[in-house]
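Secondary and tertiary structure notes
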Amino acid sequence: MLIIGRPWTDYDRPPAPGWVRTDGGRIAEVGHGSPPPPAPGEEHLGHPDAVIVPGFTDAHLHLPQFHQRGVVSGDLLAWLRDAILPAEARWADPAHARAEAEAALRGMLRAGTVRAAAFLSPHPAAIDAAHAAAARVPLDLLAGVPLMDREAPPELLQPAGRPPEPATSLEHEGFRISVNPRFAVSCTEAMLAAAGRLAAAGTGRFMHTHLAEQPAECRRVALGDHPPRLGRGRHE
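Now for a quick tour of the structure. Note that this is a predicted model, so its numbers are computed, not measured.

The axis of helix H1 (residues 76-89) is deflected most strongly, by about 35°, at Asp82, and proline Pro86 appears within four residues downstream. Among the residues of H1, Leu76, Leu77, Ala78, Leu80, Ala83, Ile84, Leu85, Pro86, Ala87 and Glu88 are the ones counted as buried. Close packing links the buried residues of H1 with strand E5 (56-62), strand E8 (146-147) and helix H5 (215-222).

Relative to the assigned elements, Gly174 resides in the loop between E8 and strand E9 (175-177). Residue classification places Gly174 among the buried residues on the basis of a relative accessible area of 13%. Along the backbone, Gly174 and Ala134 are 40 residues apart, and their C-alpha atoms lie at a distance of 6.6 Å.

Two numbers describe how helix H2 (residues 94-110) lies on helix H3 (residues 124-136): the axes approach to 8 Å, and their chain directions differ by 40°. Comparing the axis directions of H2 and H3 gives the class oblique. Considering the relative orientation of H2 and H3, their crossing is right-handed. From H2, Pro94, Ala97, Arg98, Ala101, Glu102, Leu105 and Arg106 reach across to H3, where they touch Ala125, Ala129, Ala130, Ala133, Ala134 and Arg136. The residue inventory of the contact of H2 with H3, partitioned by class, reads nine nonpolar, no polar and four charged.

So, about the environment of Ala16. Within the secondary structure, Ala16 is located in the loop between strand E1 (2-7) and strand E2 (18-23). Among residues more than four places away in sequence, those in contact with Ala16 are Gly5, Arg6, Pro7 and His32.

Tallied over the full model, the rule gives one aromatic pair. Between Trp8 and Tyr11, the ring centres sit 5.4 Å apart and the planes meet at 75°, which makes this aromatic pair edge-to-face. Looking at Trp8, the relative accessible area reads 33%, which means it is partly exposed. By relative accessible area, which is 58% here, Tyr11 ends up exposed.

Cut-off values and rules
- Residues numbered from 1 in each chain as written.
- Predicted model: local features only at pLDDT ≥ 70, side-chain atom pairs only at ≥ 80, totals over all residues.
- Heavy atoms only, no water.
- Bend = angle between axes of the 7 residues up to and from the residue.
- Helix = DSSP H or I, 4+ residues; strand = E, 2+ residues; numbered from the N terminus.
- Buried < 20%, exposed > 50% of the residue type's maximum accessible area, 1.4 Å probe, protein only.
- Contact = heavy atoms within 4.5 Å.
- Axes fitted to C-alpha atoms, helices over the stretch in contact; angles between N-to-C directions.
- Parallel < 35°, antiparallel > 145°, perpendicular 65-115°, else oblique.
- Left-handed = near helix turned anticlockwise from the far one by under 90°.
- Nonpolar A, V, L, I, M, F, W, Y, C, P; charged D, E, K, R; others polar.
- Phe/Tyr/Trp six-rings, centres within 6.5 Å; stacked < 30°, edge-to-face > 60°.

So this is what it looks like as structure tokens:
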């Protein structure tokens, strides 16, 4: 395939007119200036003003939050309580989870993202939805359910210190399952320890989590295993 446009090969300079040729899914040639004529039967695409860049990798996102972009509600813990955890709760509906997972992957692909590491929701339907979406959309996905055994609405919690086993039978070349303790606020020490053992088992798995981001979160983490507070308010 011959791709015509402006290859961006030097990020210190504006992209200049040129072309990229691929063969068998790999980059075979990169050139600048006028493109060569396509070979007989060779597919060609692009536009002289199109910028040609490598596919993007999104190293951290939450598929249930894809349609919550731009939603802000107070500090981090209040935002989770009021906007994000309710959105995740809706993934208990398998049809909703499948539709949102595929819409998120297709949205990323339209923006040039070709691989991603994602959080899902804690529901069994979430893994099935992500697996189905990854089979339909040509995007490599590493995904896992958020592990939480405290400080979230009851319908989003797993049993204390007992993360679910990865559904390895669903994995394929474009879909892998990671171990995702959400963050220290939502995980008891027992859950964090169990997640560590799960990630280290066998040949090992990627672990995907969050560092503390805001002062209120850091203060809460410093309290350790104390009674839950995040789930109060509208969830009680």
